[in-house]
Amino acid sequence: MVEYPSETWQDYELIDSGNGEKLERFGRYTLARPEPKALWDKTLSRKEWDRLAHTRFTPGAGFGKAGKEDSGTWMRLSKMEEQWQIRYKGIRKGLDFRLRLGLTSFKHVGVFPEQAPNWEFIFKETSALVARAGQERLPVPKVLNLFAYTGAASLAARAAGAEVTHLDSVRQVVSWARDNTERSGMDGIRWVVEDAMKFVRREARRGNRYSGIILDPPAYGHGPDGEKWKLDECLFSMLRSVSDILEAENSFVVLNLYSNGYSALLGETLVKEAFALKSGYEMESGELSLRDRFGKVLPLSIVVRLKR
């Protein structure tokens, strides 16, 4: 399975890619930034890139090193604002939110556009759970978003009517997500700044359960109190702990992985073993990718989705 953002998303486009870079349009601004997976040649010339781009990311001295792998600075090529807004209007009616973007010192801008198919899946599955709960007079489904960044997945679940808990270890990122929620005209999200593993294990002890759980863990990270996260060492334990707080029926999990060397098959095996799956479930896996104007496909992450 290979999935791409819908071509109907007007506020994002991958224009060109190659020679370790990608040229992207986010709303009214176009950005050039590094992309190690773009191993082929660019289609457009450097002159054309510079003409189209409002800014280009220049890697710093520590670029590529652990903890500083994305560090650097932005070089302005034409006038643009420090922050701006884009809109995501999904394929399904009701999936509609806004995201504030900005130029950070780690080449990120506040959204990972290849995640759009996950937003669609989360909205679809959550909407079905909410409809079922209404018909059977059950409590509103709860969705937990771990390593939640600026909250696009949280907004997708909230737009579908779920009670959403948004967790990230970085307070500034959670504040960014709250701003996105306000811009989208939504509320009712529970905000948590904490180490993900600590939170999940505490929820298990308290007997709290969720109908949907979303995980997008980094390769390396730190909790607010210095807790260390290393994907290779912690992922399976995290998934085992998540299995303790997921509803046994009428529930879903979305696992997204950016780490190089991970495959969809590896992700499936991790989920099957962590959740001790035998029967009564559906699973799909594959790659989330972008396609530029010239048809070149840029695979960026692997995803595993579980329904039961």
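Criteria and thresholds
- Residues numbered from 1 in each chain as written.
- Predicted model: local features only at pLDDT ≥ 70, side-chain atom pairs only at ≥ 80, totals over all residues.
- Heavy atoms only, no water.
- 1 Å grid on protein atoms, 1.4 Å probe; cavity = no way out; pocket = protein on both sides within 12 Å on 5 of 7 lines; lining within 4 Å.
- Points joined across faces, edges and corners; volume = space filled by probe spheres on them.
- Helix = DSSP H or I, 4+ residues; strand = E, 2+ residues; numbered from the N terminus.
- Nonpolar A, V, L, I, M, F, W, Y, C, P; charged D, E, K, R; others polar.
- Buried < 20%, exposed > 50% of the residue type's maximum accessible area, 1.4 Å probe, protein only.
- Pairing = 2+ DSSP bridges.
- Axes fitted to C-alpha atoms, helices over the stretch in contact; angles between N-to-C directions.

**A few points about the layout of surface pockets**
Of the voids in this model, the second largest pocket is the one considered here, and its volume is about 330 Å³. Lining the second largest pocket we find 14 residues, and of these Pro-5, Glu-7, Tyr-12, Glu-13 and Arg-291 sit closest to its centre. When residues of the lining of the second largest pocket are traced back to their parent elements, those giving at least two are strand 2 (12–18) and strand 16 (282–291). No other element matches strand 2, which puts three residues into the lining of the second largest pocket. Class assignment of the residues belonging to the lining of the second largest pocket gives a composition of six nonpolar, two polar and six charged.

**Focus: unusual backbone geometry**
Its identity as a non-glycine residue notwithstanding, Arg-137 has a phi of 55°, on the positive side. Looking at the element boundaries, Arg-137 is found in the loop between helix 2 (116–135) and strand 9 (142–146). If you check the backbone angles, Tyr-149 has positive phi at about 55° while not being a glycine. Among the secondary structure elements, Tyr-149 is positioned in the loop between strand 9 and helix 3 (152–159). You can call Tyr-149 partly exposed: its relative accessible area is 21%.

**Some points on the sheet that holds strand 5 (residues 55–59)**
Spatial ordering of the open sheet is given by 2-3-4-5-6, a layout of five strands whose pairing is mixed. In the strand order of this sheet, the two ends are held by strand 2 and strand 6 (72–76), each with one partner. The sheet shows a mean angle of 20° between the axes of neighbouring strands, taken without regard to direction. The pairing of strand 3 (residues 21–26) with strand 4 (residues 29–34) spans six bridges and is antiparallel. Bridge pairing links Glu-24 to Leu-31 in strand 4.

Nothing here speaks to function; it is all geometry.
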